[in-house]
Amino acid sequence: MGEVIVITSGKGGVGKTTTTANVGAGLSKLGKKVVIIDTDLGLRNLDVVMGMENLVVYNLVDVVTGGCRLKQALIRDSRYENLYLLPSAQTKDKSAVSPEQMKKLTSELKEEFDYILLDCPAGIEQGFQNAIAGADRALVVTTPEVSSIRDADRIIGLLEQNQIRKIDLIINRIRMDMVKRGDMMSVDDVTEILSVPLIGILPDDEQVVIGTNQGEPVIGLDSTAGKGYLNICKRILGLEVPYINLDTGKGFFSRISHAFKKN
Amino acid sequence: MLKSSSVSIAKNRLRALVVSDRVQCTPSVYDHICRDLYQTLSKYVELTEDDFQVEINRSQIVIRIAGEET
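The name an unreviewed UniProt entry gives chain B is Cell division topological specificity factor MinE, with Dorea amylophila as the organism. UniProt's Function (unreviewed entry) comment on chain B is quoted here verbatim: "Prevents the cell division inhibition by proteins MinC and MinD at internal division sites while permitting inhibition at polar sites. This ensures cell division at the proper site by restricting the formation of a division septum at the midpoint of the long axis of the cell." The Sequence similarities (unreviewed entry) field of the UniProt record for chain B holds the comment "Belongs to the MinE family."

An unreviewed UniProt entry lists chain A under the name Septum site-determining protein MinD, with Dorea longicatena given as the organism. UniProt's Sequence similarities (unreviewed entry) comment on chain A is quoted here verbatim: "Belongs to the ParA family. MinD subfamily." Under the UniProt heading Function (unreviewed entry), the entry covering chain A gives this text: "ATPase required for the correct placement of the division site. Cell division inhibitors MinC and MinD act in concert to form an inhibitor capable of blocking formation of the polar Z ring septums. Rapidly oscillates between the poles of the cell to destabilize FtsZ filaments that have formed before they mature into polar Z rings."

*Asks:* Is there a simple way to think about the packing of helix H5 (residues 99-110) of chain A against helix H6 (residues 126-133) of chain A in this case?
*Replies:* Between two packed helices, the angle of one axis relative to the other and the distance separating the axes together describe the packing. Residues and elements named next belong to chain A. Axis separation between H5 and H6 bottoms out at 7 Å; the angle between their running directions is 30°. One way to sum up the angle between H5 and H6 is to call them roughly parallel. Taken as a pair, H5 and H6 cross one another with a handedness that is right-handed. In contact with Pro-99, Met-102 and Lys-103 of H5, H6 contributes Gln-126, Gln-129, Asn-130 and Ala-133. Of the residues that constitute the contact of H5 with H6, the class distribution is three nonpolar, three polar and one charged.

*Asks:* For this particular structure, what's the right way to read the UniProt feature "binding site: ATP" (unreviewed entry) in chain A?
*Replies:* Residues and elements named next belong to chain A. Annotation from UniProt places "binding site: ATP" (unreviewed entry) at Lys-11, Gly-12, Gly-13, Val-14, Gly-15, Lys-16, Thr-17 and Thr-18. When you line up the elements, Thr-17 lands in helix H1 (residues 16-29). As for its placement among the helices and strands, Thr-18 is situated in helix H1. Apart from the residues within four sequence positions on either side, Thr-18 is in contact with Val-49, Val-208 and Tyr-229.

*Asks:* Would you mind going over the state of the cysteines with me for this structure?
*Replies:* By definition, a disulfide links the sulfur atoms of two cysteines through a covalent bond. All names here are of chain A. With the rule as written, the count across this model stands at zero disulfides over all chains. Cys-120 forms no disulfide, and the closest cysteine sulfur to it belongs to Cys-233, at a distance of 19 Å. Its relative accessible area of 2% is what places Cys-120 among the buried residues.

*Asks:* Any chance you could explain the interface of chain A and chain B here in plain terms?
*Replies:* The accessible area lost on association of the parts is a frequent measure of interface size. Taken residue by residue, the interface counts 21 residues in chain A and 16 residues in chain B. Both faces combined, the contact of chain A with chain B buries some 1,700 Å², and carbon together with sulfur accounts for 53% of it. On the chain A side of the interface with chain B, the three residues burying the most area are Val146(A), Arg150(A) and Ile193(A), jointly 32% of the side's total. Counting across the chain A and chain B interface gives seven salt bridges. A salt bridge links Asp153(A) to Arg22(B), with the shortest nitrogen-to-oxygen separation between them at 2.5 Å. Linking chain A with chain B are 15 residue pairs in polar contact (both at pLDDT 80 or more), by the criterion used here. Mapped by element, the contributors of at least two residues to the side of chain A that touches chain B are helix H7 (146-161), helix H8 (176-181) and helix H9 (187-194) of chain A. With eight residues, H7(A) is the largest single contributor of residues to the side of chain A that touches chain B. By residue class, the composition of the side of chain A that touches chain B is nine nonpolar, three polar and nine charged.

The rules we used
Residues numbered from 1 in each chain as written. Chains lettered and ligands numbered in written order. Predicted model: local features only at pLDDT ≥ 70, side-chain atom pairs only at ≥ 80, totals over all residues. Heavy atoms only, no water. UniProt positions renumbered as here; feature names shortened; annotations may be inferred. Axes fitted to C-alpha atoms, helices over the stretch in contact; angles between N-to-C directions. Helix = DSSP H or I, 4+ residues; strand = E, 2+ residues; numbered from the N terminus. Parallel < 35°, antiparallel > 145°, perpendicular 65-115°, else oblique. Left-handed = near helix turned anticlockwise from the far one by under 90°. Contact = heavy atoms within 4.5 Å. Nonpolar A, V, L, I, M, F, W, Y, C, P; charged D, E, K, R; others polar. Disulfide = S-S within 2.5 Å. Buried < 20%, exposed > 50% of the residue type's maximum accessible area, 1.4 Å probe, protein only. Buried area = accessible area lost by both parts, 1.4 Å probe. Salt bridge = Lys/Arg side-chain N within 4 Å of Asp/Glu carboxyl O. Polar contact = N/O pair within 3.5 Å; in protein donor to acceptor, adjacent residues only side chain to side chain.

Structure, rendered in structure tokens:
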């Protein structure tokens, strides 16, 4: 029986889609059978980040409305074993899918997959309700900024109201140089305000931009973000992994000095 | 660690925002809640304003009075 994980944030542009892509690829690298689902109706993006936009034939709306069989809409990723993508639709009608339909879909997928990852749209409207409907647990992505942390707090409150018991926090785009100067909130500052368990910290890594340009997850690459994502995947599997030291996140020297530090 | 610059401003703004989001009102209403709770409780419990503290979390409102903390 698989586990359904929703990746959400409230605020847009903090890294939900990138996280979904990389955690999906990472879990499949660790030997799990994974499907990643784009639930952002009207603004399809996960296929683009994955570099699979040319393979899209059917989508989420086709599946839930019976326009095609579930198996027809799942796109297999040729780079990763056991990784599948269910793309979203580019239709404008956001009410094309209901929370009940999402519940039915995820429970069906649970039979066959170890992990079902749902890339949630920004906001707290219907798209959000759809994405969390069938979720067993949530990964909340935030950046160390006031607006993004504020939205994360609201999202966590809504997840708790919707009986999602397991909620973990990912802090994305940390810049250690700014944290040191006192111009960016640290991991401790953020967790103190949000008071949910931390599952990952990610640096502001230009490899992520390069990866997105190319349609390639950074998970396998020798980058700080790639390692950070792989650690998140291991923690999802229940392994204890020390946090990477983001302080060494620059240049060649950092790559040879794997200074791990419990944060 | 140095925290003299913009982080302390960010944290203070964020704390106020998060509390007002949680009770769905402006920060001044938070002060009203505190005052009302204090007045109500002080009818039954011996309190001083210095000992009285209200903390609003996502799922609970915690009232602390001196001597009650473990």
